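Structural overview
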Amino acid sequence: YLPPAEGFLYPDGARIIVWHVPCAWIAALSYIVAAFYAVRVLVQISKPENVLWRHSDSACNAAMELGLLFSVLTTVTGSIFSRLQWGAFWSWDPRQTSIVVIMLLFAAYLVLRGAIGDRKTCARLCSAYGIIAVIPGLFLIWVLPRIVNTLHGGANQAVIGGGLDAHYRLVMYGLSLPGFLGLFVWLMQLRMRVDALANRIVGRSPE
């Protein structure tokens with residue numbers, strides 16, 4: 001259905017943007033969702049009688065894991081686009097560099113989570129990290145590439161500046177982005193169910 005993306009060096013291959021752009025947006029959404037649940041954890045865990053913090057902690061963890069997944073997918077699809085458009089898989093462009101830092105921010109959360117044994121202490125520290133990490137994460141995703149010179153200038157203008165034709169707008173905003181959003185929600189719910197099942201198994205096992 002999509003015609004070649006006119007205006008790009010390799011119009012046929014440039015159609016990968018309908019995968020690449022939603023992956024990047026979902027990675028950014030993961031930060032926001034994780035920070036939201038991180039705040040809920042810190043509010044709920046301060047009340048001894050409140051056990052809902054476990055659900056919020058599980059949601060925060062799931063969002064950060066998915067953020068790492070979608071940031072990796074963003075990097076892979078972006079590297080393919082970079083090879084087609086600029087002749088190299090990696091050029092250390094500011095946006096390419098920022099996605100590496102973003103992946104490290106997501107990965108650091110998972111390392112921190114795996115390094116702490118006590119569930120409550122882990123939830124507190126990881127939630128604090130999740131709230132702090134959302135600031136540089138969103139800055140690197142949305143702000144930095146727009147205030148420095150970047151190879152992505154023309155591509156950004158095409159996608160965000162309204163340069164896409166009707167076919168691409170329909171596929172991007174009517175199919176691809178809602179599809180990726182639905183995939184994110186489904187994977188997050190699935191991950192939380194796995195976490196809940198693991199907690200039940202641990203809770204039933206003998207000390």
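Look above for the structure.
Since this is a predicted model, take the numbers as computed values, not measurements.

Focus: the overall build of the chain
Of regular secondary structure, the chain possesses six helices and zero strands. Tracing the chain from N to C terminus, the helices and strands come up as α-α-α-α-α-α. By residue count, 42% of the 207 residues in the chain fall in the buried class. Within the chain, residue pairs in contact and separated by at least 24 positions form 76% of the contacts whose partners lie at least 6 positions apart. Counting only carbon and sulfur atoms, one obtains 69% of the accessible surface of the chain, whose full area is about 11000 Å².

Let's talk about the environment of Y1
For Y1, the location among the structural elements is in the segment before α1 (17-45). It is 9.3 Å that separates the C-alpha atoms of Y1 and Y168, two residues lying 167 residues apart in sequence. In this structure, Y1 is in contact with H167, L170 and V171, ignoring residues within four places of it in sequence.

A word on unusual backbone geometry
The bulk of non-glycine residues show a negative phi, and the bulk of peptide bonds are trans. A positive phi angle is found at W92, which is not glycine, with a value near 55 degrees. Mapped onto the elements of the fold, W92 is located in the loop between α2 (53-86) and α3 (94-115). The exposure class of W92 is exposed, given its relative accessible area of 58%.

A few points about the packing of α2 against helix α4 (residues 119-147)
At a minimum axis separation of 10 Å, α2 and α4 run at an interaxial angle of 50 degrees. Our classification of the angle between α2 and α4 gives oblique. Remark: the crossing between α2 and α4 carries left-handed chirality. The residues of α4 that touch α2, namely those facing W53, R54, D57, S58 and M64, are R119, K120, A123 and Y129. Among the residues making up the contact of α2 with α4, the classes are represented as four nonpolar, one polar and four charged.

Rules used in this analysis
Residues numbered from 1 in each chain as written. Predicted model: local features only at pLDDT ≥ 70, side-chain atom pairs only at ≥ 80, totals over all residues. Heavy atoms only, no water. Helix = DSSP H or I, 4+ residues; strand = E, 2+ residues; numbered from the N terminus. Buried < 20%, exposed > 50% of the residue type's maximum accessible area, 1.4 Å probe, protein only. Contact = heavy atoms within 4.5 Å. Areas by Shrake-Rupley, 256 points an atom, 1.4 Å probe, with all protein chains shown as cover. Axes fitted to C-alpha atoms, helices over the stretch in contact; angles between N-to-C directions. Parallel < 35°, antiparallel > 145°, perpendicular 65-115°, else oblique. Left-handed = near helix turned anticlockwise from the far one by under 90°. Nonpolar A, V, L, I, M, F, W, Y, C, P; charged D, E, K, R; others polar.

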